[in-house]
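Reading the structure
Residue-level listing of the chains:
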Amino acid sequence: MNELPMRYPLLLVGASVLVLTACVSHQGLPADQVLKKAAGVGQNLESADFDGVVDFNWKQGAASYMFHLILNGTLNNAGRDTQLGVAATGTIRDATQSYDIDANVQTISLDNGENVYLKLDKLDTSPAYPPLSGKQLLSFMNRWWKLPSDKKPADAQAITPDPRLLRAQTEIVSVTSDHGIRSVDGHNVYMYDVTIDHAKLAAFLRTLATQNAQAFDESQTEAFWQMFDAKGSLEINADTFAIEQLTWKLEPTKGSEVPAITFTIHFSNQNHAANIAAPPDYTVYTSTLLPQTEASQSEASASSSISSGASSRVTSSFSSR
């Protein structure tokens, strides 16, 4: 920044006061009370729209993977129903070749993952990348498919936010910096810098495991998170105590061979998001690539063949603020 002439110090002080007054309207509640209120709001969340970005960078020996994902979607029925769109661009490198990837995908998951639908809108690789060039993958192009249980895209579902994610943001973190209340888009939000509290995380996951009658290996969880240096930030509505935005930066600790991941998710229309339904027309995927066509809710079906319009140039996809 250019230095101000000496005769302007009062102008600088006055401008600083105005900025501070605009950004911080009042002290508000202590951080622990805000997080407790936000946890309650997240636990009772029924629906929300979300959008965000994810940056992924992973080096494994001679290979490396770099991706930028743009997400948008909706969660409903307390997270049991989700709709997600992913637009992905990135580069995959091995010892001899570099591949550029450009992809778009849509997924719908209903009834807590019991019914999953997938539609690949785009998948371009330059040059052709063998793992993304198979006939089965091409069959998903430009139509909705209903997936059997062994074909459900677990990775896509894992990056879909749900109320448990929002609840976790307030129950597993420690506040490192309290920025008070700031004005964002015409309303007030609490802003915090946070880090993961490993003891709180273990307690949270232990409770979830008990609720779902699942085993929980605390030592394995601790070992996993020791591989990351995790720093984040939260923006919480000062009136409703709903989380409006969360950001996390996960960097590998020294000697760890895990990906570096940065993501920001913004939430809106909380408890006012639209309902999610199965696509009106879809095809039941079968391993024989002779799918049965279903009309929305009807399980009556007739055989149909894979569209012959898939080009030799691979096209498929993945999909926030």
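Computed from a prediction, not measured in an experiment: that's the story for all the values here. (Residues numbered from 1 in each chain as written. Predicted model: local features only at pLDDT ≥ 70, side-chain atom pairs only at ≥ 80, totals over all residues. Heavy atoms only, no water.)

**Section: the side chain of Asp49**
Mapped onto the fold, Asp49 is located in strand β1 (residues 48-60). At a separation of 2.7 Å, a polar atom in the side chain of Asp49 contacts the side chain of Asn269. (Helix = DSSP H or I, 4+ residues; strand = E, 2+ residues; numbered from the N terminus. Polar contact = N/O pair within 3.5 Å; in protein donor to acceptor, adjacent residues only side chain to side chain.)

**Observations concerning unusual backbone geometry**
With an omega of -5°, the peptide bond running from Ser126 to Pro127 counts as cis. Mapped onto the elements, Pro127 comes out in the loop between β5 (115-126) and α3 (135-138). If you check the backbone angles, Asn112 has positive phi at about 60° while not being a glycine. By secondary structure assignment, the location of Asn112 is in the loop between β4 (98-110) and β5.

**Describing the pattern of salt bridges**
Counted by the stated rule, this structure contains 4 salt bridges. Residue Arg206 pairs with Glu218 through a salt bridge whose shortest N-O separation is 2.6 Å. With Arg206 in helix α6 (residues 198-211) and Glu218 in helix α7 (residues 218-225), the pair connects residues that are 12 residues apart, well separated along the chain. Using a relative accessible area of 39% as the deciding quantity, one classes Glu218 as partly exposed. (Salt bridge = Lys/Arg side-chain N within 4 Å of Asp/Glu carboxyl O. Buried < 20%, exposed > 50% of the residue type's maximum accessible area, 1.4 Å probe, protein only.)

**A short note on the pairing of strand β10 (residues 243-252)**
Where strand β9 (residues 228-237) lies against β10, 9 bridges are found, and the strand directions are antiparallel. In the strand pairing of β10, Ile236 is matched with Ile243. Pairing analysis gives 6 bridges linking β10 to strand β11 (residues 260-268), with the strands arranged antiparallel. Bridge assignment links Gln245 to a residue of β11, and that residue is His266. (Pairing = 2+ DSSP bridges.)

**A short note on the packing of aromatic side chains**
The tally for this structure, following the rule as stated, stands at 10 aromatic pairs. Relative to Tyr192, the ring of Tyr190 lies with its centre 6.2 Å away and its plane at 10°, an arrangement referred to as stacked. Each member of the pair, Tyr190 together with Tyr192, is buried. Relative to Phe241, the ring of Tyr190 has its centre 6.2 Å away and its plane inclined at 20°; by these criteria the two rings are stacked. Residue Tyr190 is located in strand β8 (residues 187-196), and its partner Phe241 is located in the loop between β9 and β10; the two are separated by 51 residues in the primary sequence. For Tyr190, a relative accessible area of 4% puts it in the buried group. (Phe/Tyr/Trp six-rings, centres within 6.5 Å; stacked < 30°, edge-to-face > 60°.)

No statement about biological role is implied by the geometric values presented.
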